[in-house]
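Architecture and fold: a report
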Amino acid sequence: MWVMITYLTNVWKISLVRAAAIVNFFWGTVLMLPLAIQYLVDTIIGNYWMLLVSSLAYSAGMGFLTMSTPPVLAGAMGTCSEYKPECIGEGQKILFYTALGLIAFGMSGHLVSIGGFMADQMTDSRAEQVSMRSAKLFFFSFCGVVLVPIIALIAFPYIKPWKIRFGIPAIFTVVATLVFLSGTCSYRRRKPLGSPLTTVFRVFVASALKLFYRIPRNASELYERDNVDEIYVVQHTRSLRCLDKAAIILPDKTLEQQEGNRWRLCRVTEIEETKGLLPMIPICLTFIIPGVVSSIGLTYFLEQADHLNRKVGKLSVPLPILLLFYDIARTQFTNLYAKFLNSFGESQSKKYAPAIGFATSMVLAILCCITAAKVETRRLDVIRSHGLIDKPDDKIPMSMFWLLPQFLLLGGFDGVCEVSIACFFIDQFPPLLFKYVAHIFSGTLGLGTMGGVLSVYLVGIISERKGKQNWFQDTLNKSRLDNYYWVLAALTAANLVVFIVVAMWYAFKDSRLENLEETEFEETDGPFRMMPNFAASAEPKSS
């Protein structure tokens with residue numbers, strides 16, 4: 001899925017802008033779906049059933065993706081079997097887009113439910129009963145998780161037919177699903193206990209239903225079950241008093257009757273937790289631009305690399321090697337940020353560490369865009385000097401490793417940005433919604449990834465004013481991506497200024513983060529895959 005844009009431009013022969021839009025919408029969906037899926041898991045379906053449904057969707061999606069390649073169903077569809085756009089009929093297109101939707105749902109479902117499902121299985125009694133054989137099996141399975149991508153990276157350039165490139169992971173996915181199903185009878189399943197996100201919805205609904213009621217002057221007259229042994233109680237504040245209407249006790253009904261309808265009466269604590277979310281909205285809006293910048297890594301950067309010279313001496317280097325360097329840079333910068341965070345110790349200044357980290361990531365993003373613009377300008381000069389403007393399929397006599405600095409900067413930017421945003425959410429989000437921190441965090445980046453499509457559209461319209469040529473043409477050689485990268489650099493700089501202004505206005509809460517170790521970052525699906533291990537490093541110190 002990482003190199004999907006090369007399939008769309010080389011086989012489907014669609015325009016660069018359309019191919020990038022498809023890829024960005026796919027990854028944006030992968031990042032935005034977990035929030036909704038987590039709510040379904042908590043309220044209706046549970047971890048086991050979500051894992052099962054997402055596994056089936058994943059398997060079906062990879063199967064449909066394989067079947068959408070021209071040679072597989074050429075006889076049934078009445079089309080040719082070559083990897084050319086005229087050999088791709090309506091049937092193959094329907095299979096392809098259906099596959100993307102199913103794979104996106106499968107990725108998001110796994111991201112949400114696999115951790116909770118594993119936790120359900122490992123109870124204290126079961127953990128004590130783990131045999132040496134099981135421990136060895138788990139160890140070799142983990143080694144497989146690490147080795148398979150490395151082997152795939154080496155083998156990828158030697159596998160030319162796309163039906164095999166898609167078919168091999170499709171087979172593995174089906175086998176993995178069958179292995180998972182084989183243990184169904186022994187799995188421990190927990191019933192959904194409800195979602196804390198429902199509390200937020202209840203506060204807004206209850207306050208809207210009591211819109212025309214007057215709020216009592218004395219806050220002690222508002223509803224709060226302080227005589228019950230609750231986990232925590234939050235004191236009433238006078239901010240956003242319109243939401244306090246959700247805790248108004250009506251005089252025409254008994255308290256017991258009103259307590260029976262939780263959508264019309266909420267506790268003060270629940271209201272205060274909801275209030276804590278609203279001041280975060282302005283600062284969260286500044287997290288969208290990083291998604292726009294990150295989206296160019298799996299689209300335009302890869303498309304540029306695909307047409308450059310990949311040889312180092314006589315050895316031909318696979319395209320995904322740049323993504324490997326990207327991953328290394330992201331991991332190293334993430335570890336550097338962890339050390340920076342730990343340097344604050346238990347001081348009060350630690351609460352500002354996520355903001356400093358995010359501002360630093362914006363600087364890296366600006367440098368990445370400027371570097372990309374400079375390299376693209378040189379690439380276009382080489383194209384003009386060799387007369388390759390109208391030859392989009394020809395290799396350009398320029399080394400692919402000219403793009404290495406921008407991939408390294410992009411990796412550093414993604415690593416610091418992702419972890420600093422995640423740490424910000426951990427510190428500032430109310431404990432009520434702590435379970436949803438990772439998904440809200442990925443959702444903001446996913447919104448930015450989809451926003452990259454809108455930014456290309458708007459920049460294209462503006463660039464062709466006064467009869468000028470649109471910066472985004474059908475081929476990469478005719479496009480002016482260097483200008484687009486300069487625009488992204490300017491947008492990121494403006495976003496940094498807005499963030500600094502909003503951060504100066506925002507009242508930061510004390511940090512809840514314990515010291516982060518390098519091993520406390522875990523890999524997840526998708527292009528934004530380095531997240532803190534929330535259970536290990538971010539448990540709230542107190543409520």
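Here we summarise the structure given alongside this text. All of these numbers come straight from a predicted model, not from anything done at the bench.

Cut-offs and rules
- Residues numbered from 1 in each chain as written.
- Predicted model: local features only at pLDDT ≥ 70, side-chain atom pairs only at ≥ 80, totals over all residues.
- Heavy atoms only, no water.
- Helix = DSSP H or I, 4+ residues; strand = E, 2+ residues; numbered from the N terminus.
- Rg over C-alpha atoms; globule rule 2.2 N^0.38 Å.
- Buried < 20%, exposed > 50% of the residue type's maximum accessible area, 1.4 Å probe, protein only.
- Contact = heavy atoms within 4.5 Å.
- Areas by Shrake-Rupley, 256 points an atom, 1.4 Å probe, with all protein chains shown as cover.
- Lys, Arg positive; Asp, Glu negative; His and termini not counted.
- Charge placed at Lys NZ, Arg CZ, Asp CG, Glu CD.
- Phe/Tyr/Trp six-rings, centres within 6.5 Å; stacked < 30°, edge-to-face > 60°.
- Salt bridge = Lys/Arg side-chain N within 4 Å of Asp/Glu carboxyl O.
- Core = buried A, V, L, I, M, F, W, Y, C linked by side-chain atoms within 4.5 Å.

If you tally the helices and strands in the protein, you get 19 helices and 6 strands. Taking 543 residues into account, the globule formula puts the C-alpha radius of gyration at 24 Å, and the protein, at 26 Å, falls close to it. Expressed as lengths along the three principal axes of its C-alpha atoms, the size of the protein is roughly 80 × 60 × 50 Å. Going through the 543 residues of the protein one by one, you find that 51% of them count as buried. When contacts within the protein are restricted to residue pairs at least 6 apart in sequence, long-range pairs at least 24 apart make up 81% of them. Element-wise, carbon and sulfur atoms account for 65% of the exposed surface of the protein, whose accessible area totals about 26,000 Å². In the protein, 50 side chains carry a positive charge and 43 a negative one; their mean positions are 5 Å apart.

Quick look at the packing of aromatic side chains now. Overall, the coordinates contain 33 aromatic pairs when judged by the stated rule. Relative to tyrosine 187, the ring of phenylalanine 117 has its centre 5.0 Å away and its plane inclined at 85°; by these criteria the two rings are edge-to-face. You can see phenylalanine 117 sitting in helix H4 (residues 90–121) and its partner tyrosine 187 sitting in the loop between helix H7 (162–182) and helix H8 (197–209), a full 70 residues away along the chain. On the basis of relative accessible area, phenylalanine 117 is assigned to the buried category, the value being 5%. Look at tyrosine 300 and phenylalanine 472: their rings are 6.4 Å apart centre to centre, the planes differ by 35°, and that puts the pair in the tilted class. With tyrosine 300 in helix H13 (residues 297–306) and phenylalanine 472 in the loop between helix H17 (437–463) and helix H18 (481–505), this residue pair connects regions lying 172 residues apart in the sequence. Pairwise contacts between aromatic rings join Phe287, Tyr352, Phe358, Phe424, Phe425, Phe429, Phe499, Tyr506 and Phe508 into one cluster.

Quick look at the pattern of salt bridges now. Summed over all chains, the structure comprises 15 salt bridges. With a shortest N-O distance of 3.6 Å, arginine 190 and aspartate 120 are connected by a salt bridge. Taken together, the residues arginine 190 in the loop between H7 and H8 and aspartate 120 in helix H4 connect sequence positions 70 residues apart. Of the residues examined, aspartate 120 reaches a relative accessible area of 8% and is grouped as buried. Salt bridges linked by common partners bring Arg241, Asp244, Glu272 and Lys275 together as one network.

Here we take up the nonpolar core. Among the nonpolar cores identified, the biggest contains 113 residues, and Tyr7, Leu8, Phe96, Tyr300, Phe425, Tyr484 and Tyr485 are the most heavily contacted of them. Excluding anything up to four places from it in sequence, tyrosine 485 contacts Ile296, Tyr300, Phe301, Gln304, Cys369, Ala372, Ala373 and Glu376. Core analysis: the next-biggest nonpolar cluster, separate from the first, contains 14 residues, Val203, Leu243, Leu250 and Val268 among them.

Looking now at unusual backbone geometry. The phi torsion at lysine 13 lies on the positive side, around 60°, for a residue other than glycine. Residue position: lysine 13 is located in the loop between helix H1 (4–10) and helix H2 (16–67). Judged by its relative accessible area of 42%, lysine 13 falls in the partly exposed class. The backbone of leucine 240 shows a phi angle near 45°, a positive value even though the residue is not glycine. Its location among the elements puts leucine 240 in the loop between H8 and helix H9 (255–259). For leucine 240, a relative accessible area of 35% puts it in the partly exposed group.

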